[in-house]
Amino acid sequence: MHKSLLSARSRFTSVIAAAVVLSGFYAAPASAAFPEKPVRIIVPFSPGGGTDLVARSMTVVMGQELGQPVIIDNKPGAGTIIGTDTAAKSPPDGYTMVMATVAHVVNPSIQPKLPYNHDTAFAPVMLVGVSPNVLVVRASSPYKSVKDVIAAAKASPGKLSFASQGAGTSAHLAGELFKTLTDTNLIHIPYRGAGPALTDLLGGQVDVMFATAAAVGTMIDKGQLRALAVTTATRSSSHILSKVPTVAESGVPGYVADSWYGLFAPAGTPPDIIEKLNSAAKKAVNTEAFRKKLEAEGLVVKGSTPQEFDTYAKGEEARWRKVVKDNKITND
């Protein structure tokens, strides 16, 4: 009887072990087969801006690496919150990512209530690159320098306007920091992306813009826009911007307000899928075509690991939270 019981227990244990092995065997292909359909990158801005350009410049090579098309889904509005919320609430299966910018880590500081939990809703995939913002005016503008803008703003408080691609974006923060450090009162005009903001800048509906370099590099090169200054601590290495002074050296000491681009997936996306997405994205940003196109626009390519991007994004959130608080920046 004792031997029978031991034998039965042994058979039961063997069955359980086999079931565990089989369940692992059948579970593995779900990730191993990824992707089995197109992968979507949500761009939380209108087409035509820097974020859209960076994302679209990655899709072909990423698609080749993944074996499935990578498509862009523009979902602008609410200072990137509409598109970001869509990504946060998408299934964590690797088929949806969002191309985030500085607004991603600033919104928790300037938005009273977000429709998603910023701290738990996302999994980092890759920091694509960092870029300066550029203070630009249309070619026919009377302003030839940062000092000209400051003088005009002081002469007519509340009359000069600056455009941004949305509340909470790097362009918005760059303008607010400029106002604080120069003691001027420029009026912020937010848009649903850099494309429509630049259209109004060229048309004379707004006076200046702190635009991302990726959005305006070609327009500066063609003479449609005049670059007055870059917002980074040092001058850009881009041939288009290399002769453009920094805002700090133009008479606003201590001024720094750069921008960046990075991919996030919904939280809970399996680590092996995150690694596949990271590998495909890294391959894309390290191609000669991508580097030649985007580095000319001022982008410094990074191609980080998910862990490196997580550390970077958390540091950026802490840095900008202090800037927002110290400068009393709101989402208006």
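Let me begin by describing the structure that accompanies this report. Given the structure is predicted, the values throughout are model-derived calculations rather than measurements.

1. A word on the nonpolar core
In terms of nonpolar packing, the biggest core is built from 48 residues, with Val106, Val146, Phe178, Phe210, Tyr255 and Trp260 touching the most fellow members. In this structure, Val106 is in contact with Gly168, Leu173, Trp320 and Val324, ignoring residues within four places of it in sequence. Met62, Tyr95, Ala265 and Val301 belong to the second largest nonpolar core, which has 35 residues in total.

2. Quick word on the layout of surface pockets
Here the largest pocket is characterised by a volume of approximately 200 Å³. Contributing to the lining of the largest pocket are His104, Val105, His118, Asp119, Phe122, Pro124, Phe264, Asp310, Ala313, Lys314 and Glu317. For the lining of the largest pocket, the element with the most residues is helix α11 (residues 306–327), which contributes four residues. Residue composition of the lining of the largest pocket, by class: five nonpolar, two polar and four charged.

3. Some points on empty space enclosed by the protein
Applying the stated criterion across every chain, the model contains three cavities of 30 Å³ or more. Reported here for the largest cavity is a volume of approximately 70 Å³. For the largest cavity, the full set of lining residues is Val43, Phe45, Ser46, Gly49, Gly50, Thr51, Asp52, Gln165, Gly193, Ala194, Thr212 and Tyr261. If one sorts the elements of the lining of the largest cavity by residue count, helix α2 (residues 50–66) sits on top with three residues. Looking at the lining of the largest cavity residue by residue, the classes come out as four nonpolar, seven polar and one charged.

4. Remarks on the pattern of salt bridges
Proximity of charged atoms lets side chains of opposite charge pair with each other. All told, the structure shown has 12 salt bridges when counted by the stated rule. Between Asp73 and Arg40 there is a salt bridge, and its shortest N-O distance comes to 3.0 Å. In this pair, Asp73 is assigned in strand β2 (residues 70–74) and Arg40 in strand β1 (residues 39–43), connecting sequence segments 33 residues apart. Residue Glu317 is joined to Arg321 by a salt bridge in which the shortest nitrogen-to-oxygen separation is 3.2 Å. Separated by four residues within a single helix, Glu317 and Arg321 lie in helix α11, roughly one turn from each other.

Criteria and cut-off values
Residue numbering note: each chain is counted from 1, following its sequence as written. Given that the model is predicted, a residue must reach a pLDDT of at least 70 before its local features are reported, and side-chain atom pairs must reach 80 or more before they are shown or counted; all residues, however, enter totals for whole chains, interfaces and linings. Excluding hydrogens and water, the side-chain values take into account all heavy atoms of the structure. Buried residues of nine kinds, namely Ala, Val, Leu, Ile, Met, Phe, Trp, Tyr and Cys, make up a nonpolar core once their side-chain atoms join them within 4.5 Å. Exposed residues in this analysis have more than 50% of their type's maximum accessible area, buried residues have under 20%, and partly exposed residues fall in between, with area computed by a 1.4 Å probe over protein chains only. Whether two residues are in contact is decided by their heavy atoms: any pair within 4.5 Å suffices. Each cavity reported here is a set of points on a 1 Å grid over the protein atoms alone in which a 1.4 Å probe fits but cannot get out, each pocket an open set with protein on both sides within 12 Å along at least five of seven lines, and each lining residue one with an atom within 4 Å of a point. Grid points are joined across faces, edges and corners, and a volume is the space filled by probe spheres set on the points. The helix count covers DSSP runs of H or I at least four residues long, the strand count covers runs of E at least two residues long, and both are numbered beginning at the N terminus. Residue polarity follows a fixed list, in which Ala, Val, Leu, Ile, Met, Phe, Trp, Tyr, Cys and Pro are nonpolar, Asp, Glu, Lys and Arg are charged, and the others, Gly among them, are polar. Note on definitions: salt bridges are taken to be side-chain nitrogens of Lys or Arg within 4 Å of carboxyl oxygens of Asp or Glu.

By themselves, these figures tell us nothing about what the structure is for.
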